[in-house]
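# Structural characterization, general
Chain by chain, the residues:
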Amino acid sequence: TTEIYTEQIVGSVRCVQETDHRLSQAFMFSALDEKDREVIINAFEEKRFKPGQYVIQQGQEGNELYVVESGALKCYKKFPGDTEPRYLKTYQPGESFGELALLYNAPRAASIIAESDSVLYALDRGCFNNIVKEAAVKKRQRYDDFLQKVDILSSMDPYERSKIGDAVKTVKFNKGDYVVRQGETGNTFFFIEEGEAIATKSLQPGKEPEQVYAYKAGDYFGELALLRNIPRQANIVAKTDLALVQLDRDSFTRLLGPLEDILKRNFSRYEKYM
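Residues numbered from 1 in each chain as written. Predicted model: local features only at pLDDT ≥ 70, side-chain atom pairs only at ≥ 80, totals over all residues. Heavy atoms only, no water.

Bringing empty space enclosed by the protein into the picture now. Here the structure, examined in full by the defined rule, presents 2 cavities of 30 Å³ or more. Its volume calculated, the second largest cavity comes out at about 90 Å³. For the second largest cavity, the full set of lining residues is Ile 56, Phe 97, Gly 98, Glu 99, Leu 100, Ala 101, Arg 108, Ala 109, Ala 110, Ile 112, Tyr 159 and Lys 163. At the level of secondary structure, the elements contributing two or more residues to the lining of the second largest cavity comprise α3 (99-104) and α5 (158-167). (1 Å grid on protein atoms, 1.4 Å probe; cavity = no way out; pocket = protein on both sides within 12 Å on 5 of 7 lines; lining within 4 Å. Points joined across faces, edges and corners; volume = space filled by probe spheres on them. Helix = DSSP H or I, 4+ residues; strand = E, 2+ residues; numbered from the N terminus.)

Encoded structure:
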C-alpha cells in the first residue's frame, strides 16, 4: 500500500512538473507569478484526442483554451471568398490555442484537428478570465502594435501575426554590446523594437571589422543563418541601448515560412559583403 501511495505521489509531482514546463513555454501564461501558475496548473483538465478529431471548429462558441502536452494538431481557417479552409500551421507540444474566443468573446477564428494522438491541457473561461486574461491582453496588444509596423509582416493575416506575437520575447542590450558575432552558430531571428544597431564584418583575414550596414527600429536581422543554415555572416553591435524582439529557430521556420520569398528577396543587401 505504501509503495502504491508513493507511486501516486511521484506520478502527481511529475504531472505538475510537466504541466508547469508546458506553461512556461506557452505565451498566455508567461506573465503569471508563481502563485497564479500553481492555481492554473490545478485548474487544468487533461483531454485526449484521436487523429482526425476536431478540438475546436471555426465559427463555434469557445469556452476553453488548450495547451499541447503531446502530439500534433493542424490549424485550418476559411477566409472570406474561399471555398475550402486553408492550412495555416501545425501546433506542437508547448504551444497554446483557443484563447482568441476567450480574450475577445468572439467565435472560434479557426479549426484545430488532431493529426496524431494528442494530449491537451484545457482551461475553462472562468479561470482564464479571473487570472490570465488581463496580463495576456496587455502583452499581446503590445507586441501586435509593434509587429504591425514591421514592413514584412504588414501583409499577414491578423490571426497569423498574433501567433508571432505569442512566440516572441523582448531582450535588451546596452550600447556597445554584441548581439551576435561573426562565425558563430545562429538560432535566433531579431526585430529591432527600440534603438539602433550596426553590422560589422572582417572583410579580409587579420583586418579589423568594418561597418557594412546600419539598422533602426522596425528593421530585422539574423535570417541568413536560419534560412541558409550557415554561421553568422557579421557582427551585430548595439549602436545605442537596444530593445530587440527575438524569435527562435523553430518558431521562425513555423511562423515565417510563408514570408521566406520576401526575406530571400532582401538577401541582395548582404551579397556584396559575403
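Resuming the write-up.
Of all the residues in helix α2 (residues 34-43), the buried ones are Arg 37, Ile 40 and Ile 41. Buried residues in α2, looked at end-on, bunch into an arc of 100°, giving them a common side. Structural note: α2 exposes Lys 35, Glu 38 and Asn 42 on the side pointing more than 90 degrees away from its buried face. (Buried < 20%, exposed > 50% of the residue type's maximum accessible area, 1.4 Å probe, protein only. Arc of directions from axis to C-beta.)

The next thing to look at is the sheet that holds strand β9 (residues 169-173). Adjacent strands of a sheet pair through backbone hydrogen bonds, lying either parallel or antiparallel. Taken in spatial order, the 4 strands of this open sheet run β9-β16-β11-β14, and their pairing is antiparallel. At either end of the open sheet lies a strand with only one pairing partner, and these are β9 and β14 (220-221). Bridging between β9 and strand β16 (residues 242-248) involves 5 bridges; their strand directions are antiparallel. The residue bridging Lys 169 from the neighbouring strand is Gln 246, located in β16. (Pairing = 2+ DSSP bridges.)

Let us look at the pairing of strand β8 (residues 118-124). Counting buried residues along β8, 6 of its 7 residues qualify, which places the element largely inside the surrounding structure. Of the strand pairs in this sheet, strand β1 (residues 45-49) and β8 are connected by 5 bridges, and their pairing is antiparallel. By the bridge assignment for β8, Arg 48 is matched with Val 119.

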